[in-house]
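Examination of the molecular architecture
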Amino acid sequence: QVQLVESGGGLVQAGGSLRLSCAASGRTFSMGWFRQAPGKEREFVAAISGSGGSTYYAPSVKGRFTISRDNAKNTVFLQMNSLKPEDTAVYYCAGSNLVTTQASAYDYWGQGTQVTVSS
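Our subject in this report is the structure included herewith.

Conventions and cut-offs
- Residues numbered from 1 in each chain as written.
- Predicted model: local features only at pLDDT ≥ 70, side-chain atom pairs only at ≥ 80, totals over all residues.
- Heavy atoms only, no water.
- Disulfide = S-S within 2.5 Å.
- Helix = DSSP H or I, 4+ residues; strand = E, 2+ residues; numbered from the N terminus.
- Buried < 20%, exposed > 50% of the residue type's maximum accessible area, 1.4 Å probe, protein only.
- Core = buried A, V, L, I, M, F, W, Y, C linked by side-chain atoms within 4.5 Å.
- Contact = heavy atoms within 4.5 Å.
- 1 Å grid on protein atoms, 1.4 Å probe; cavity = no way out; pocket = protein on both sides within 12 Å on 5 of 7 lines; lining within 4 Å.
- Points joined across faces, edges and corners; volume = space filled by probe spheres on them.
- Nonpolar A, V, L, I, M, F, W, Y, C, P; charged D, E, K, R; others polar.
- Polar contact = N/O pair within 3.5 Å; in protein donor to acceptor, adjacent residues only side chain to side chain.
- Salt bridge = Lys/Arg side-chain N within 4 Å of Asp/Glu carboxyl O.

1. Side note on the state of the cysteines
All told, the structure shown has 1 disulfide when counted by the stated rule. Residue pairing for Cys 22: its cysteine sulfur links by disulfide to Cys 93, the two sulfurs lying 2.0 Å apart. One quick way to see it: the torsion about the S-S bond of Cys 22 and Cys 93 is about 55°, and its sign makes the bridge right-handed. Of this pair, Cys 22 sits in strand β3 (residues 18-24) while Cys 93 sits in strand β9 (residues 89-96), and the two are 71 residues apart along the sequence. Under the relative-accessibility criterion, Cys 22 is labelled buried at 0%.

Structure (structure tokens):
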């Protein structure tokens, strides 16, 4: 059974940084990060292929966030720099057989971790 467990969320001031981790059990997947703010739909943040050779970012985070992975530890990371209050959301990691920005293509989801950015 595949399990994804996120960690690393918290409260940070605007301009600060956080690093999220997602530990996966089972086989290697293409992985994505999504986020959902209160009253808003879940949105794509970043994705990485199984090898780590391809990465994709939402325009709103490109240049500030970096997705990476350590396949030896079956862990995916999201380094978030220059955080803004509008980045406040619950962040979810997800696993898919495809590297894609579409949430519907992801079969496995973590429980989410809260990121709050204060102004």
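Structure's up, so let's keep going.
2. Quick word on the nonpolar core
Nonpolar side chains in soluble globular proteins tend to end up buried together. Grouped together as the largest cluster of nonpolar side chains are 30 residues, with contacts concentrated most on Met 31, Trp 33, Val 45, Phe 65, Leu 78, Met 80 and Tyr 91. At the level of secondary structure, the elements contributing two or more residues to this core comprise β3, β4 (30-36), β5 (43-48), β7 (65-70), β8 (75-80), β9 and β11 (113-118). No other element matches β5, which puts 5 residues into this core. Apart from residues lying up to four places away in sequence, Val 45 is in contact with Trp 33, Phe 34, Arg 35, Tyr 56, Tyr 57, Ala 58, Val 61, Phe 65, Leu 78 and Tyr 91.

3. A look at empty space enclosed by the protein
With the rule as written, the count across this model stands at 1 cavity of 30 Å³ or more. Empty space within the largest cavity amounts to approximately 40 Å³. Lining the largest cavity are Ala 24, Arg 27, Thr 28, Phe 29, Met 31, Arg 69, Asn 71, Asn 74, Thr 75 and Val 76. Grouping the constituent residues of the lining of the largest cavity by class yields 4 nonpolar, 4 polar and 2 charged.

4. Considering the side chain of Arg 35
For Arg 35, the location among the structural elements is in strand β4. For Arg 35, the side chain forms a polar contact with the side chain of Glu 43, separated by 2.6 Å. Once residues within four sequence positions are removed from consideration, Arg 35 is found in contact with Glu 41, Arg 42, Glu 43, Val 45, Ser 60, Val 61, Phe 65, Glu 86, Asp 87, Ala 89, Val 90 and Tyr 91.

5. Points about the pattern of salt bridges
Using the criterion set out here, one finds 3 salt bridges in the structure. Note that Arg 35 is salt-bridged to Glu 43, the shortest N-O span being 2.6 Å. Residue Arg 64 is joined to Asp 87 by a salt bridge in which the shortest nitrogen-to-oxygen separation is 2.8 Å. Placement of Arg 64 in the loop between β6 (55-57) and β7 and of Asp 87 in the loop between β8 and β9 is noted, with a sequence separation of 23 residues between them. The same class applies to Arg 64 as to Asp 87, namely buried. Through salt bridges with shared partners, a single network forms among Arg 35, Glu 43, Arg 64 and Asp 87.

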